[in-house]
Amino acid sequence: MIGAPSVETYLPGVVQDIKDMKAFLCSPMGGAWREDEIVTLVDQSKATVTKHLNSCGDVDYVFILCAGHGEHQVHGTNGSTVIYLTEEDTLSIDSISSSGKRQFVIADVCRHERKLSKLDTLLKAAFESYSAEDKFDYRAAFDSAVLSCSEGRIVAYSCSVNQSAGEDEKGGAFTQALMASPNAYLPEINHGIVNVKQAFDWAHGQLTKKSSSQTPVFNAGRRLDYYPFAVITK
């Protein structure tokens, strides 16, 4: 969980998002993650964040939430969305990678375009060189769904380029909608899986109903299978 609420202007919703997402992941619905599997990084330096990302190891699945201020930086014909970790330090969403076989990245940040000058680009490169369910096992179901998917990376952006990511005291509109999405799906039998694409589609629909100023973007390439987001029950 990567959050930077203290970059001007302060974003109280970022802290709430991280708190709520951790609780969601640790719940049976979220896959029954263990607390020692979740690292929370709030207002940390780029070096600290990068160190933790690099330490993920050769694991089966990595889930990353980035919440805070951001922009879409453009140099020439190339562009990359970043999150501001501090007033000066940014982390490119494209650069977030680990040796984990499967990755799902949520980027709940604004994506207004900013064209970088040659000097901006050189400086950036310089910095970057440095139970009631009895015996039903929610975690086993979640793990099985993860391992049934092909390897690769999926990124869900909270808005399109040149749009702002909405938030209030309750949290980021996109992140909160994602966590509410499992309630919209009923399993065909006693238990079921809501995958990240289903969660995204529901959240996308909720946001576009409320406002045309925030259009989420889902980037999964040409893959046909999607990682689990929630374990649901009747």
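Residues numbered from 1 in each chain as written. Predicted model: local features only at pLDDT ≥ 70, side-chain atom pairs only at ≥ 80, totals over all residues. Heavy atoms only, no water.

Chemist: Just give me the short version of the packing of aromatic side chains, but keep the residues and values in it.
Modeler: For the structure shown, the criterion picks out 10 aromatic pairs. Look at Tyr-61 and Phe-142: their rings are 6.3 Å apart centre to centre, the planes differ by 55 degrees, and that puts the pair in the tilted class. Comparing Tyr-61 with Phe-142 shows no difference in burial state: the two are buried. Ring geometry for Phe-174 versus Phe-200: centroids 6.0 Å apart, planes at 70 degrees, classification edge-to-face. In this pair, Phe-174 is assigned in helix α5 (residues 173-180) and Phe-200 in helix α6 (residues 196-210), connecting sequence segments 26 residues apart. Using a relative accessible area of 0% as the deciding quantity, one classes Phe-174 as buried. (Phe/Tyr/Trp six-rings, centres within 6.5 Å; stacked < 30°, edge-to-face > 60°. Buried < 20%, exposed > 50% of the residue type's maximum accessible area, 1.4 Å probe, protein only. Helix = DSSP H or I, 4+ residues; strand = E, 2+ residues; numbered from the N terminus.)

Chemist: Help me get a handle on the state of the cysteines, residues and values and all.
Modeler: In the structure shown here, the tally under the stated rule is 0 disulfides. Lacking any disulfide linkage, Cys-56 is separated from the closest cysteine sulfur, that of Cys-66, by 12 Å. With a relative accessible area of 25%, Cys-56 lands in the partly exposed category. (Disulfide = S-S within 2.5 Å.)

Chemist: Which residues make up the sheet that holds strand β5 (residues 78-84), and what are the values?
Modeler: As summarised here, the arrangement of the 4 strands in space is β6-β5-β4-β8, forming an open sheet in which the pairing is mixed. Only two strands of the sheet have a single neighbouring strand rather than two, namely β6 (90-92) and β8 (113-115). Here the average twist between neighbouring strands, direction ignored, is 40 degrees. Both strand β4 (residues 70-75) and β5 contribute to a ladder of 6 bridges, which runs antiparallel. By the bridge assignment, His-75 is partnered in β5 with Asn-78. (Pairing = 2+ DSSP bridges. Axes fitted to C-alpha atoms, helices over the stretch in contact; angles between N-to-C directions.)

Chemist: Got a sec to walk through the packing of helix α1 (residues 12-26) against α5? Specific residues and values, please.
Modeler: Two numbers describe a pair of packed helices, the interaxial angle and the distance between the axes. Following both chains from N to C, one finds α1 and α5 inclined at 15 degrees, their axes separated by 10 Å at the closest point. By the angle between their directions, the pair α1 and α5 is classed as roughly parallel. Where α1 crosses over α5, the handedness of that crossing is left-handed. Of the residues in α5, those touching α1 at Gln-16, Asp-17, Asp-20, Met-21 and Phe-24 are Thr-175, Gln-176 and Met-179. Its residues assigned to classes, the contact of α1 with α5 shows 3 nonpolar, 3 polar and 2 charged. (Parallel < 35°, antiparallel > 145°, perpendicular 65-115°, else oblique. Left-handed = near helix turned anticlockwise from the far one by under 90°. Contact = heavy atoms within 4.5 Å. Nonpolar A, V, L, I, M, F, W, Y, C, P; charged D, E, K, R; others polar.)

Chemist: Kindly report on the side chain of Asp-108, identifying the contributing residues and their values.
Modeler: Inspection of the secondary structure puts Asp-108 in strand β7 (residues 102-108). In this structure, Asp-108 is buried with no salt-bridge partner, the nearest side chain bearing the opposite charge being Arg-111 at 10 Å. There is a polar contact of 3.1 Å between the side chain of Asp-108 and the side chain of Ser-158. Apart from residues lying up to four places away in sequence, Asp-108 is in contact with Asp-17, Cys-66, Ala-67, Gly-68, Ser-158, Ala-165, Gly-172, Phe-174 and Thr-175. (Lys, Arg positive; Asp, Glu negative; His and termini not counted. Salt bridge = Lys/Arg side-chain N within 4 Å of Asp/Glu carboxyl O. Polar contact = N/O pair within 3.5 Å; in protein donor to acceptor, adjacent residues only side chain to side chain.)

Interpretation in functional terms is not warranted from these geometric data alone.
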